[in-house]
Amino acid sequence: MDDQGFGLSAALVTVFDESGSIDSGAMARHARWCLDQGCSSVTLFGTTGEGSSVSRTERTSLIRAFHEAGIAPAQTIGCVMANAAGDATEQAAELLDAGARGVLLAPPSYFKNVSEDGVFAWFSEVLGALGDKARGIILYNIPSVTAVELSVPLIGRIRAAFPKAIAGVKDSSGNWPYTERLLAEHKDIAILIGDERSLAAGVRLGAQGAISGMANLLPERLLPMIREGRDDKGVHELVDAVLTFPVTPAVKALVAHRTGEAGFARVRAPLVSTPAEGAARLGAIYDALNASQAA
């Protein structure tokens, strides 16, 4: 997305207070920690951030709160996960007007078994409505959540129609053959690896970095994977452990463990928090990983 490559963006967890409202102050402090640890940006409203459970009014308030907290808009990316093209356009326009570095744009997900022509038409409607302001758009391929795969040819079709708008693809497919083909055909834009276990291998094939839930916890371990294409067995093991639970609550439990602030573990319905026993097990694995690094 720039001359230095994309780097590492923390897929920021959303923090809720005891009343269930977003704790923007805690989020801003956590975002600052991620940036100080070497992340080039933070991503709001993504999968790890429970973006589909955050209202439009809350989005607006949080964007404003981050600006007031001194976090540069150019250090933020916002995810848009909407079914109505009009809603997606409005959310993306708000982020771009606020100066965000980019928009992580997921396909519509309510209707299942839709055609590629239909998905292309939806993206065309959103990007066409954004017009000249469309920039920094990162296509979000996460079929385990959306049940819609952005095929490599479909990505090429969207890029051909909107060459100035599309800056990258976040690949959270967990499908290595797909990732290889994506990198072979589209590595002239920022290909970002969602599965940290494939991050170093992806970088060795030309990936520019990651939007990562694990960056909430151990950016210092992820950065060498991006900068040097170096595998990290400890990161692989922690991701494997997280994947034995519902992922977003598990990541939040680990952030609560790292910070000592229980509020980080709260989730919104329909998600439920990781049980205490599971959170303790994850915390022990995280502590062992840190101890091995210190040694």
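To be clear, the structure that these remarks concern was listed above.
Residues numbered from 1 in each chain as written. Predicted model: local features only at pLDDT ≥ 70, side-chain atom pairs only at ≥ 80, totals over all residues. Heavy atoms only, no water.

1. Overview of the overall build of the protein chain
Moving on, step 1. Across its full length, the protein chain carries 12 helices and eight strands.
Moving on, step 2. For the protein chain, whose C-alpha radius of gyration is 18 Å, the value lies close to the compact-globule estimate of 19 Å for 295 residues.
Moving on, step 3. When burial is assessed residue by residue, the protein chain has 54% of its 295 residues classed as buried.
Moving on, step 4. Summed over its atoms, the accessible surface of the protein chain is roughly 12300 Å², and 51% of this surface lies on carbon and sulfur atoms. (Helix = DSSP H or I, 4+ residues; strand = E, 2+ residues; numbered from the N terminus. Rg over C-alpha atoms; globule rule 2.2 N^0.38 Å. Buried < 20%, exposed > 50% of the residue type's maximum accessible area, 1.4 Å probe, protein only. Areas by Shrake-Rupley, 256 points an atom, 1.4 Å probe, with all protein chains shown as cover.)

2. Overview of the pattern of salt bridges
Moving on, step 1. Under the counting rule described, the total for this entry stands at 14 salt bridges.
Moving on, step 2. R266 is the partner of E18 in a salt bridge, and the nearest nitrogen-oxygen pair spans 3.8 Å. One end of the pair, E18, is in the loop between strand 1 (7–11) and helix 1 (24–36); the other, R266, is in the loop between helix 11 (247–259) and helix 12 (276–294), and 248 residues separate them in sequence.
Moving on, step 3. Residue D117 pairs with R157 through a salt bridge whose shortest N-O separation is 2.8 Å. Residue D117 is located in helix 4 (residues 116–130), and its partner R157 is located in helix 6 (residues 152–161); the two are separated by 40 residues in the primary sequence.
Moving on, step 4. For R157, a relative accessible area of 35% puts it in the partly exposed group. (Salt bridge = Lys/Arg side-chain N within 4 Å of Asp/Glu carboxyl O.)

3. A look at the packing of helix 4 against helix 6
Moving on, step 1. Running from amino to carboxyl end, helix 4 crosses helix 6 at an angle of 30°, the nearest separation of the two axes being 10 Å. The angle between the axes of helix 4 and helix 6 places the two elements in the roughly parallel class. The two elements helix 4 and helix 6 meet at a crossing, and its hand is right-handed. Contact with helix 4, carried on its side by E116, D117, V119, F120, F123 and L127, involves L154, R157, I158 and A161 of helix 6 and no other residues of that element.
Moving on, step 2. Each residue belonging to the contact of helix 4 with helix 6 can be placed in one class, and the counts come to seven nonpolar, no polar and three charged. (Axes fitted to C-alpha atoms, helices over the stretch in contact; angles between N-to-C directions. Parallel < 35°, antiparallel > 145°, perpendicular 65-115°, else oblique. Left-handed = near helix turned anticlockwise from the far one by under 90°. Contact = heavy atoms within 4.5 Å. Nonpolar A, V, L, I, M, F, W, Y, C, P; charged D, E, K, R; others polar.)

4. Remarks on helix 1
Moving on, step 1. The end-to-end C-alpha distance of helix 1, which contains 13 residues, comes to 18 Å, matching closely the 18 Å that a straight helix rising 1.5 Å per residue would cover.
Moving on, step 2. Listing the buried residues of helix 1 in full gives A26, M27, A28, H30, A31, C34 and L35.
Moving on, step 3. Once helix 1 finishes, G38 follows within two positions and takes phi at roughly 115°, a positive value. (Expected span 1.5 Å × (residues − 1).)

5. Some points on the packing of aromatic side chains
Each aromatic ring pair is described using two quantities: the centre-to-centre distance and the angle formed by the ring planes.
Moving on, step 1. Counted by the stated rule, this structure contains two aromatic pairs.
Moving on, step 2. Their ring planes at 90° and their centres at 5.1 Å tell us that W122 and F123 sit as a pair that is edge-to-face. Considered together, W122 and F123 belong to a single accessibility category, that of buried residues.
Moving on, step 3. For the cation-ring pair, R101 lies above F6, with the distance from its terminal atom to the ring centre recorded as 4.6 Å.
Moving on, step 4. The side chain of R258 reaches across the aromatic face of W33, ending 3.6 Å from its centre. (Phe/Tyr/Trp six-rings, centres within 6.5 Å; stacked < 30°, edge-to-face > 60°. Lys NZ or Arg CZ within 6 Å of the ring centre and 35° of its normal.)

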